[in-house]
Amino acid sequence: MKLDPIHHIQLAFANDFTVEKNGYLHCKTTPFYIFAQAYEGHYELSAGNRSAVCEEGGAFFTPPDVPLRIRHYVNPKTGRMRVRFLHFMISDGIGFDPFSSRILPLAVSARPPDPTDAPAPAAVPHGVARSGDSFPALCPH
């Protein structure tokens, strides 16, 4: 099966801004996806029934048409929060949004994952193939 790259990203707008009021609450619903990074300060946000903390350097990604409550917190050392963001739409050219059937993480950390936090690999039951195993031909050619 061949899949054609038919997805389109339409940028609505991109910008950056500075907030100096700690705890500023911003509520909105937009027809766009939002990708926003707090590169100084941090966010606490809720999108529909989900919530997350977006630490300094981290980012959040929200789908369109979801009520958002975004609280801005300044960096205590600098007294400000600085943000950059994109508002955009995604479609396949005929109106289908490829992310509409996916649940994506709300916030993404700026820190690399700690390998000690990773779950232990599951034990492989006897008789189950593992990655890299070779197999005898199961079907006649």
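Note: the structure precedes this text.
Residues numbered from 1 in each chain as written. Predicted model: local features only at pLDDT ≥ 70, side-chain atom pairs only at ≥ 80, totals over all residues. Heavy atoms only, no water.

Asker: Any chance you could break down the overall build of the protein for me, citing the residues and the numbers?
Answerer: Counting its regular elements, the protein contains 0 helices and 9 strands. Listed by position from the N terminus, the elements making up the protein come as β-β-β-β-β-β-β-β-β. Expressed as a percentage of the 141 residues in the protein, the buried residues total 28%. In the protein, the share of contacts with a sequence separation of at least 24, taken over all contacts with a separation of at least 6, comes to 76%. Just so you have it, the protein exposes about 10300 Å², and 58% of that area is on carbon and sulfur atoms. (Helix = DSSP H or I, 4+ residues; strand = E, 2+ residues; numbered from the N terminus. Buried < 20%, exposed > 50% of the residue type's maximum accessible area, 1.4 Å probe, protein only. Contact = heavy atoms within 4.5 Å. Areas by Shrake-Rupley, 256 points an atom, 1.4 Å probe, with all protein chains shown as cover.)

Asker: Quick rundown of the nonpolar core? Include the residues and the values.
Answerer: Within the largest apolar cluster, 17 residues are counted, with the highest numbers of intra-cluster contacts made by A36, Y43, L45, F60, L68, I70 and M81. Within the residue set of this core, elements represented by two or more residues are strand 3 (33-40), strand 4 (42-47), strand 5 (50-54), strand 7 (68-73) and strand 8 (81-91). (Core = buried A, V, L, I, M, F, W, Y, C linked by side-chain atoms within 4.5 Å.)

Asker: I'd like to hear about the sheet that holds strand 2 (residues 24-28), residue by residue, with values.
Answerer: An order of 2-7-4-5 is seen for the 4 strands of this open sheet, with the pairing classed as antiparallel. Since the sheet does not close on itself, it has two edges, and those belong to strand 2 and strand 5, each with one partner. Pairwise comparison of adjacent strand axes, ignoring direction, gives a mean angle of 15° for this sheet. Here strand 4 runs beside strand 5; their pairing, made up of 5 bridges, is antiparallel. By the bridge assignment for strand 5, L45 is matched with A52. (Pairing = 2+ DSSP bridges. Axes fitted to C-alpha atoms, helices over the stretch in contact; angles between N-to-C directions.)

Asker: Before we move on, can you summarise the sheet that holds strand 6 (residues 59-62) with the specific residues and values?
Answerer: Taken in spatial order, the 5 strands of this open sheet run 1-8-3-6-9, and their pairing is antiparallel. Either end of the sheet is taken by a strand with one partner, and the two such strands are strand 1 (8-19) and strand 9 (107-108). Where strand 3 lies against strand 8, 7 bridges are found, and the strand directions are antiparallel. Each residue of the ladder has a partner; that of I34, found in strand 8, is H87.

Asker: I'd love a proper account of the environment of L11, names of residues and values included.
Answerer: Among the secondary structure elements, L11 is positioned in strand 1. Distance in space between the C-alpha atoms of L11 and I90 is 8.8 Å, their sequence separation being 79 residues. With near-sequence residues (within four places) excluded, L11 lies in contact with L86, H87 and F88.

Asker: Go over the pattern of salt bridges, please, and point to the residues and values.
Answerer: Applying the stated rule across the entire model yields 2 salt bridges. One salt bridge connects R80 with E40, and the closest N-O pair in it is separated by 3.1 Å. Placement of R80 in the loop between strand 7 and strand 8 and of E40 in strand 3 is noted, with a sequence separation of 40 residues between them. Between E40 and R82 there is a salt bridge, and its shortest N-O distance comes to 3.2 Å. A residue pair is termed long-range when its members are at least 10 positions apart, and E40 in strand 3 and R82 in strand 8 qualify at 42 residues. Three or more residues are tied together by salt bridges with common partners; here these are E40, R80 and R82. (Salt bridge = Lys/Arg side-chain N within 4 Å of Asp/Glu carboxyl O.)

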